[in-house]
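Listed below, chain by chain, are the residues.
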Amino acid sequence: MIQLQDISYVRLGTADLDGATTFATDYLGLEIAHRSKDAVYLKSDQREHTLCYFAGSPADQTAAFEVSARADLEAAAAELDRLGHHVRLGSEKEAELRQVRSFIAFKDPTGNNIELVWRPAYSSTRYHGERDAGITGCRPGW
């Protein structure tokens, strides 16, 4: 079994980046951590980001889960490959866009995009949303 440490982030494609940003900030209470021409990174806690909206198809959605060690990432890739799931190692540029040190990507049996990440970036700036987003995390035992 693959040992996951936490949910890391969600990446969602959108045809309306400004509308998605307004929804995330005004309705969900998330805080903009960083904005680029084609993406906005939003935070809900001490992580660099927990949600990324990017210019693209709304069908392009990815959930990412953190593993605690590089060896866990490699073991997960080997296990998934053994089980018949095509696994690809993310490029350095893709890892930089996701603000992680390294990651693997694959599809679950129903076609959803899943990423396992190692060493996601944490922010030195505390999360201070305009209002409490009510997000307490996804830790073992919740």
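Each remark here, short or long, concerns the structure printed above.
Residues numbered from 1 in each chain as written. Predicted model: local features only at pLDDT ≥ 70, side-chain atom pairs only at ≥ 80, totals over all residues. Heavy atoms only, no water.

Student: Residue-level account of the pairing of strand E3 (residues 39-43), with values.
Tutor: In terms of burial, E3 is largely enclosed, as five of its five residues are buried. Residues Ala-39, Tyr-41 and Lys-43 point to one face of E3 and Val-40 and Leu-42 to the other, with burial holding for every one of them. Relative to E3, strand E2 (residues 31-35) runs antiparallel, the two being bridged by four bridges. When the bridges of E3 are listed, Ile-32 appears paired with Leu-42. Counting the residues that bridge the hairpin from E2 to E3 gives three residues. (Buried < 20%, exposed > 50% of the residue type's maximum accessible area, 1.4 Å probe, protein only. Helix = DSSP H or I, 4+ residues; strand = E, 2+ residues; numbered from the N terminus. Pairing = 2+ DSSP bridges.)

Student: Talk me through the nonpolar core; I want residue IDs and the actual numbers.
Tutor: The biggest cluster of nonpolar side chains holds 11 residues, and these are Val-67, Leu-73, Ala-76, Ala-77, Leu-80, Val-87, Ile-104, Phe-106, Ile-114, Leu-116 and Trp-118. For this core, the elements supplying multiple residues, two or more each, are helix H2 (70-82), strand E7 (100-107) and strand E8 (113-120). The element best represented in this core is H2, accounting for four residues. (Core = buried A, V, L, I, M, F, W, Y, C linked by side-chain atoms within 4.5 Å.)

Student: Describe in detail the side chain of Ser-102, supporting the description with residues and values.
Tutor: In this fold, Ser-102 is placed in strand E7. Look at Ser-102 and you get buried, because its relative accessible area is 6%. Within the local environment of Ser-102, its side chain forms a polar contact with the side chain of Arg-70, the two groups lying 3.1 Å apart. Apart from the residues lying within four places of it in its own chain, the contact partners of Ser-102 are Arg-70, Leu-73, Leu-89, Leu-116, Val-117 and Trp-118. (Polar contact = N/O pair within 3.5 Å; in protein donor to acceptor, adjacent residues only side chain to side chain. Contact = heavy atoms within 4.5 Å.)

Student: I'd like a description of the packing of aromatic side chains, backed by residues and values.
Tutor: This model, assessed by the stated rule, comprises one aromatic pair. A ring pair is formed by Phe-23 and Tyr-27, whose centres lie 5.8 Å apart and whose planes are at 25 degrees; its orientation type is stacked. You can see Phe-23 and its partner Tyr-27 sitting in helix H1 (residues 17-27), four residues apart, about one turn around the helix. A relative accessible area of 39% means that Phe-23 is categorised as partly exposed. Between Arg-11 and the ring centre of Phe-54, over which it is positioned, the NZ or CZ distance is 4.8 Å. The side chain of Arg-119 reaches across the aromatic face of Trp-118, ending 5.5 Å from its centre. (Phe/Tyr/Trp six-rings, centres within 6.5 Å; stacked < 30°, edge-to-face > 60°. Lys NZ or Arg CZ within 6 Å of the ring centre and 35° of its normal.)

Student: Describe H2, listing the residues and the values that go with them.
Tutor: Given a rise of 1.5 Å per residue, 13 residues ought to cover 18 Å, and the 19 Å separating the end C-alpha atoms of H2 matches this to within 8%. Where the residues of H2 are buried, they touch strand E5 (61-67), E7 and E8. Once H2 ends, the next one or two residues include Gly-84, with phi positive near 95 degrees. (Expected span 1.5 Å × (residues − 1).)

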